[in-house]
Amino acid sequence: MEQFLISLNAVLPFILYMAFGYGSRRCGAASMDFLRSLNGFIFKVFFPLMMFDNIYSMDAGMHLGRFFAVCSVGSVLLVLLFGICFVPILTKDRRQIPVLIQGVYRSNILLFAIPLTRNLFGDGPVGLATALVVMIVPLYNLAAVLLLEAYGGRERSKMTTLLLHVLNNPLVKGVLLGLLFRLLCIRVPAVLMAAIRQFSSATTPLALFVLGGTLQFASLRSHLKLLSGVILIKLILIPAVMLFAAQHMGFTDMESFVIFTLFATPVATATFPMSQGMGADGQLAGELVVLTTICSVITLFGWILIMQMIGLF
């Protein structure tokens, strides 16, 4: 029961944010036009601030073992490659392909990895989870931008144009600016940094509010086959493979669990505004975020129970 409450407490706030957005639209407090405009503002302003804050505020003492870091990045790239090869078999709709590939490889580790690690292992290993988040999230975003530019609703671009689009992406700008400030040791005034952190902390609640408000449940039936397949792969099959591999590669129990969070947590919230803002199927992306978040209450509980049974913690 205690482990179920841990999983529930990790996921329930996100469900409430989405329910608040859905209820606001249904009662007329927020129109669809307002929600779409707010979504664009979040994508262009709030997400870059959040990425900048994550990198600028990273503890300089945090580090990852070289083998652990290489395996973590390599596992994400392998799952990404699997998605690129597998998803076009499920659908030929170019607006759906980048959304479903993100649904396979891109997890909400920004919001789940650290609290889950703290709840299960205490405060000691949180530094490892945080360092991994800071390393993997830019990789997630860079891959997402490349996929959306290659498969989205826009026409195919030349390589130079594609790279310019990537560099012009708001999330990539936030990452690059954060790295620049860290490398050049530029100090942001405390008052300004406090404001940036306030905006950063508001990003996820606002994005989930908009997601809930723009969700159309009528389209779930037409997407049910695609959604079911991705959810099965995302929350059950890939985590099983990665957890098995981590346990047989000599990682500690805590390292195995942190790698596990890269794949077993819900689809990243940013998938929705990015997909909608870059010409892909935003509706399908929103449904993936919502359904994986809800289903993860059950699957995370099941995985935590299994890991307890095998003595992982």
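Counting restarts for each chain, with residues numbered from 1 along the sequence as it is written. Owing to the predicted nature of the model, reporting of local features is limited to residues with pLDDT of at least 70; listing and counting of side-chain atom pairs is limited to 80 or more, with chain, interface and lining totals taken over all residues. Heavy atoms throughout the structure, all of them, feed into the side-chain values; hydrogens and water do not.

Asker: Can you break down the nonpolar core residue by residue, with the values?
Answerer: Only buried residues count toward a nonpolar core, which is a set of Ala, Val, Leu, Ile, Met, Phe, Trp, Tyr and Cys residues joined through side-chain atoms within 4.5 Å. Burial classes follow relative accessibility: with a 1.4 Å probe on protein chains only, a residue under 20% of its type's maximum area counts as buried, one over 50% as exposed, and anything between as partly exposed. Within the largest apolar cluster, 82 residues are counted, with the highest numbers of intra-cluster contacts made by Y105, I109, F260, L262, F263 and M274. When residues in this core are grouped by element, the largest group, 13 residues, is from helix α6 (residues 126-151). Setting aside residues up to four positions removed in sequence, F260 forms contacts with P239, L243, L300, W303 and M307. Judged by nonpolar contacts, the second largest core, of six residues, contains Y56, F181, V188 and I196. In DSSP terms, a helix is any run of H or I states spanning at least four residues, a strand is any run of E spanning at least two, and both are numbered starting from the N terminus. Any pair of residues with heavy atoms lying within 4.5 Å of one another is described as a contacting pair.

Asker: Could you give me a rundown of the packing of helix α11 (residues 253-264) against helix α13 (residues 282-309), with the residues and numbers involved?
Answerer: Axis lines are fitted to C-alpha atoms, over the contacting stretch for helices. Their N-to-C directions set the angle, which ranges from 0 to 180 degrees. In the contact formed by α11 and α13, the axes pass within 12 Å of each other and the chain directions differ by 155°. As summarised for this structure, α11 and α13 are arranged roughly antiparallel, according to the angle between their axes. Here the hand of the crossing between α11 and α13 comes out right-handed. On α13, the residues that touch F257, F260 and A264 of α11 are L300, W303 and M307. For the contact of α11 with α13, the residue count by class is six nonpolar, no polar and no charged. Roughly parallel means an angle under 35 degrees; roughly antiparallel means over 145; roughly perpendicular covers 65 to 115; every other angle is labelled oblique. Here is the rule for handedness: rotate from the far helix to the near one, and if that takes an anticlockwise turn smaller than a right angle the crossing is left-handed, while a clockwise turn gives right-handed. We call Asp, Glu, Lys and Arg charged. Ala, Val, Leu, Ile, Met, Phe, Trp, Tyr, Cys and Pro are nonpolar, and the rest, Gly among them, are polar.

Asker: Give me the lowdown on α11, citing residues and values where you can.
Answerer: Here α11 is 12 residues long and its end C-alpha atoms lie 16 Å apart, about the 16 Å a rise of 1.5 Å per residue gives. For α11, the tally of buried residues reaches 10 of 12 residues, placing the bulk of the element in the interior. Every buried residue of α11 is accounted for by E255, S256, F257, V258, I259, F260, T261, L262, F263 and A264. By definition here, a helix of n residues has an expected span of 1.5 Å times n minus one.

Asker: Describe unusual backbone geometry, naming the residues involved and giving the relevant values.
Answerer: We note that C185 has phi near 55°; this positive angle belongs to a residue other than glycine. Here C185 is to be found in the loop between α8 (170-183) and α9 (190-214).

Asker: Provide a residue-level description of the packing of aromatic side chains, including the pertinent values.
Answerer: For Phe, Tyr and Trp, where Trp contributes only its six-membered ring, two rings pair if their centres lie within 6.5 Å, and the inter-plane angle classes them as stacked under 30 degrees, edge-to-face over 60, or tilted in between. Overall, the coordinates contain 12 aromatic pairs when judged by the stated rule. Ring geometry for F52 and F181: centres 5.3 Å apart, planes at 85°, overall edge-to-face. With F52 in helix α2 (residues 32-56) and F181 in helix α8, this residue pair connects regions lying 129 residues apart in the sequence. Aromatic side chains F260 and W303 sit 5.8 Å apart centroid to centroid with 70° between the ring planes, which places their arrangement in the edge-to-face category. Separated by 43 residues along the polypeptide, F260 in helix α11 and W303 in helix α13 bring together distant segments of the chain. When sorted by exposure, F260 lands in the same class as W303, which is buried. Taken together through their ring pairs, the aromatic side chains of F41, F46 and F199 make up a single cluster.

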